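Single-letter residue listing:
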Amino acid sequence: MNSSPWTIEHRCTQCGAPINLGETDRFFVCPFCRVQMCLTTTDYFRYYLPAPDTAVPGIFYMPYWRIKGMAFSCDGDYEVRQSLLDATHRASDHPFFPESLGLRPQTLKLRFATAETGADFVKPSMAFDAAFSEIQEGLPLYTRADQPTSPFYRTFIGEKASLVYAPFYIRKDVVFDAILDEPLRSTRLAGDFSLSRETVDRAVKVLPALCPDCGADLEGGRESIGFFCTNCNSCWYLTGDKLERIPFFIMPGTNGDSAHLPFWCIKARFQGIVLESFADLVKLANLPRVIKKEWESRPLFFWVPAFKVNAGLLLRISRTVTINQPRNTAEAGASPALPYPITFPVHEAAESIKVIIATLMTMKKKLWPILKDVSIFPVESRLAYIPLKRQGHDLIHSPLQLSVSVNSLKYGEHL
């Protein structure tokens, strides 16, 4: 498991020029024709490790699931453990092939797998959930001797799936690694061994990075899944194979040298726990506040960063802003100054709510055992920009008691 960046070889759909992309790049400008484009797909991205030009005939490509994201565990010692999960796992039940691709995706350049590739791709025979379960079984558990050996709750938040195909060939019933041109093992295949081929027909879709309303250039970072149009003051979210306009608001804030960080403001319905109003949150977290009557009818929103940071910081920021419950008020006609790229999807933000609740609970011995039975149903989400003032190497919002280091944002760009 590692988090080294991948390099994808691609060609500009406008001029055909070669472009090197990072695995998480969703927005890029062709260095030759200067056209701005967005990358998307209807389900998940597919890549392949190309065989050498000197490779022998008969090469086929075996599928591997790529799993990347943050793993959270509410363990028996009443601590929330976080870790970065970055792994590949064989997407078939054939033991003749390696279980993982190891470091190859980091050391070799990949390409997008499409029908136009003309390669012989093998159809996955192991579902993503099965591969993910096997990877999870290998994760360490942190428990005390007097606590249950299994965690109260575990979840995974991140880019749940992509497929990577690796080249192999068979000679005299022995499987060979097409990249190294070496046999995998001396064991010979059974006479009835066969592989089911597939046609990769879900091609990568390239969209022009233009505002669908006014046609102006959209603004974003390389890993952006959300974009801002400064011409018509609109925000666009990359979903499926299209750009969808989403509502947003900008909190009033500081003047001068400030940057706007994006947050998902999510309202949810719960089963298994009473958590509907701000008053319920005050009780759950045992906040040192006298509950006001109007808090009992004030809707509760969970504030989750719409930008990638490490798992521990994601929980800290979400907890801090959620406890403070900023009002959903906006500056009239305002546009965000120096808007930070939107890189964390709203559905993943919603998946983190249960872990955020776990960190807020004060009566953990009583409440953590019911976490697995709590169901969460998001009913409303909006994008909110919070202005933070730069002070040294940190971004600060004093009223919210929020501080984010610039270095942590830079680190998050590679998650």
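Note that this is a predicted model, so its numbers are computed, not measured.

**Student:** Can you help me understand the overall build of the chain in this one?
**Tutor:** If you tally the helices and strands in the chain, you get eight helices and 23 strands. Taken against the 2.2 N^0.38 rule, which gives 22 Å for 415 residues, the C-alpha radius of gyration of the chain at 24 Å falls within 12% of a compact globule. Overall, the chain is about 80 × 60 × 35 Å in size when its C-alpha atoms are taken along their principal axes. Split into buried and exposed, the 415 residues of the chain put 51% on the buried side. Total accessible area computed for the chain in this model is approximately 19500 Å², and 50% of it derives from carbon and sulfur atoms. Positive and negative side-chain charges in the chain, numbering 45 and 43 respectively, have mean positions lying 5 Å apart.

**Student:** I'm lost on unusual backbone geometry in this one. Help?
**Tutor:** Trans is the prevailing form of peptide bonds, just as negative phi is the prevailing case for residues other than glycine. The backbone of Arg34 sits at a positive phi, close to 65°, despite the residue not being glycine. Within the secondary structure, Arg34 sits in the loop between strand E3 (27-29) and strand E4 (36-40). You will see that Asn286, though not glycine, has its phi angle at about 50°, which is positive. Looking at the element boundaries, Asn286 is found in the loop between helix H3 (278-285) and strand E20 (302-305).

**Student:** What should I look at first to understand the packing of aromatic side chains in this one?
**Tutor:** Two aromatic rings, taken as a pair, are described by how far apart their centres are and by the angle between their planes. One pass over the structure, following the stated rule, counts 28 aromatic pairs. An angle of 20° between the planes, with centres 6.3 Å apart, marks the rings of Phe45 and Tyr47 as stacked. Accessibility assignment for this pair places Phe45 and Tyr47 in one class, buried. Ring centres of Phe128 and Phe132 lie 5.8 Å apart, and the angle between their planes is 5°; this geometry places the pair in the stacked category. A residue pair is termed a helical-turn pair when its members lie 3 or 4 positions apart in one helix, as Phe128 and Phe132 do in helix H2 (residues 128-137) at four residues. There is no split in this pair, since Phe128 and Phe132 are both buried. In this structure an aromatic cluster arises from ring pairing among Tyr44, Trp65, Phe128, Phe132 and Phe156. The cationic tip of Arg66 hangs over the ring face of Trp6; the distance from NZ or CZ to the ring centre is 3.8 Å. The lysine or arginine in question, Arg298, covers the ring of Phe278, its NZ or CZ lying 4.8 Å from the ring centre.

**Student:** How do you make sense of the pairing of strand E11 (residues 174-177) when you look at a structure like this?
**Tutor:** Regular strands place side chains that alternate from one sheet face to the opposite one. Burial along E11 is two-sided: the face carrying Val174 and Phe176 and the face carrying Val175 and Asp177 are both buried. With two bridges connecting them, E11 and strand E12 (residues 182-183) associate as antiparallel partners. When the bridges of E12 are listed, Asp177 appears paired with Glu182. Following E11, the chain reverses through four residues before pairing antiparallel with E12; Asp181 in that reversal takes a positive phi of roughly 55°.

**Student:** Any chance you could explain helix H4 (residues 311-324) here in plain terms?
**Tutor:** Because the α-helix completes a turn every 3.6 residues, residues three or four places apart line up on one side. Taking 1.5 Å of rise per residue, the 14 residues of H4 would be expected to cover 20 Å, and the 20 Å separating its terminal C-alpha atoms lies within 8% of that figure. Within H4, 10 of the 14 residues are buried, which leaves the element mostly enclosed by the surrounding structure. Here H4 has its buried residues at Ala311, Leu313, Leu314, Leu315, Ile317, Ser318, Thr320, Val321, Thr322 and Ile323. One side-chain oxygen of the residue at the start of H4 lies 3.1 Å from the amide nitrogen of Gly312, identifying that residue as Asn310.

**Student:** Even after reading the chapter, I still don't get the environment of Cys214, so can you show me in this structure?
**Tutor:** Structurally, Cys214 can be placed in the loop between strand E14 (205-208) and strand E15 (226-229). Separated by 18 residues in the primary sequence, Cys214 and Cys232 have C-alpha atoms spaced 6.8 Å apart. For Cys214, the residues in contact, after removing those within four places along its chain, are Cys229, Asn231 and Cys232.

**Student:** Just checking my understanding: could you explain the sheet that holds E14 for this structure?
**Tutor:** Within the open sheet, the three strands sit side by side as E3-E4-E14. Their pairing is antiparallel. Of all the strands in the sheet, the pair left with one neighbour each is E3 and E14. Adjacent strand axes in the sheet meet at a mean angle of 35°, parallel and antiparallel pairs treated alike. Here E4 pairs with E14 via four bridges, running antiparallel. Bridge assignment links Leu39 to a residue of E14, and that residue is Val206.

**Student:** Is there a simple way to explain the environment of Gln391 in this structure?
**Tutor:** For Gln391, the location among the structural elements is in strand E21 (residues 375-391). A relative accessible area of 46% places Gln391 in the partly exposed class.

**Student:** Explain H3 to me, please; I cannot follow it from the model alone.
**Tutor:** Where burial is concerned, most of H3 is hidden: seven out of the eight residues are buried. Immediately downstream of H3, the backbone of Asn286 shows phi near 50°, a positive value.

**Student:** What should I look at first to understand the nonpolar core in this one?
**Tutor:** One broad trend across soluble globular proteins is that nonpolar side chains are buried collectively. Core analysis: the largest hydrophobic core is formed by 77 residues, its most contacted members being Trp264 and Trp303. Membership of the second largest hydrophobic core comes to 29 residues, among which are Trp6, Ile19, Phe45 and Phe97.

**Student:** Explanation requested: the confidence of the model for the chain in the structure shown.
**Tutor:** Fine structural detail should not be taken from predicted coordinates in areas where pLDDT scores are low. Chain-level statistics for the chain give a pLDDT mean of 86 and a share of 91% at 70 or above. Of all helices and strands in the chain, the one with the weakest mean pLDDT is strand E13 (residues 197-198) (81), whereas E20 scores best (96).

Conventions we followed
Residues numbered from 1 in each chain as written. Predicted model: local features only at pLDDT ≥ 70, side-chain atom pairs only at ≥ 80, totals over all residues. Heavy atoms only, no water. Helix = DSSP H or I, 4+ residues; strand = E, 2+ residues; numbered from the N terminus. Rg over C-alpha atoms; globule rule 2.2 N^0.38 Å. Buried < 20%, exposed > 50% of the residue type's maximum accessible area, 1.4 Å probe, protein only. Areas by Shrake-Rupley, 256 points an atom, 1.4 Å probe, with all protein chains shown as cover. Lys, Arg positive; Asp, Glu negative; His and termini not counted. Charge placed at Lys NZ, Arg CZ, Asp CG, Glu CD. Phe/Tyr/Trp six-rings, centres within 6.5 Å; stacked < 30°, edge-to-face > 60°. Lys NZ or Arg CZ within 6 Å of the ring centre and 35° of its normal. Pairing = 2+ DSSP bridges. Expected span 1.5 Å × (residues − 1). Polar contact = N/O pair within 3.5 Å; in protein donor to acceptor, adjacent residues only side chain to side chain. Contact = heavy atoms within 4.5 Å. Axes fitted to C-alpha atoms, helices over the stretch in contact; angles between N-to-C directions. Core = buried A, V, L, I, M, F, W, Y, C linked by side-chain atoms within 4.5 Å. pLDDT = per-residue confidence, 0-100.

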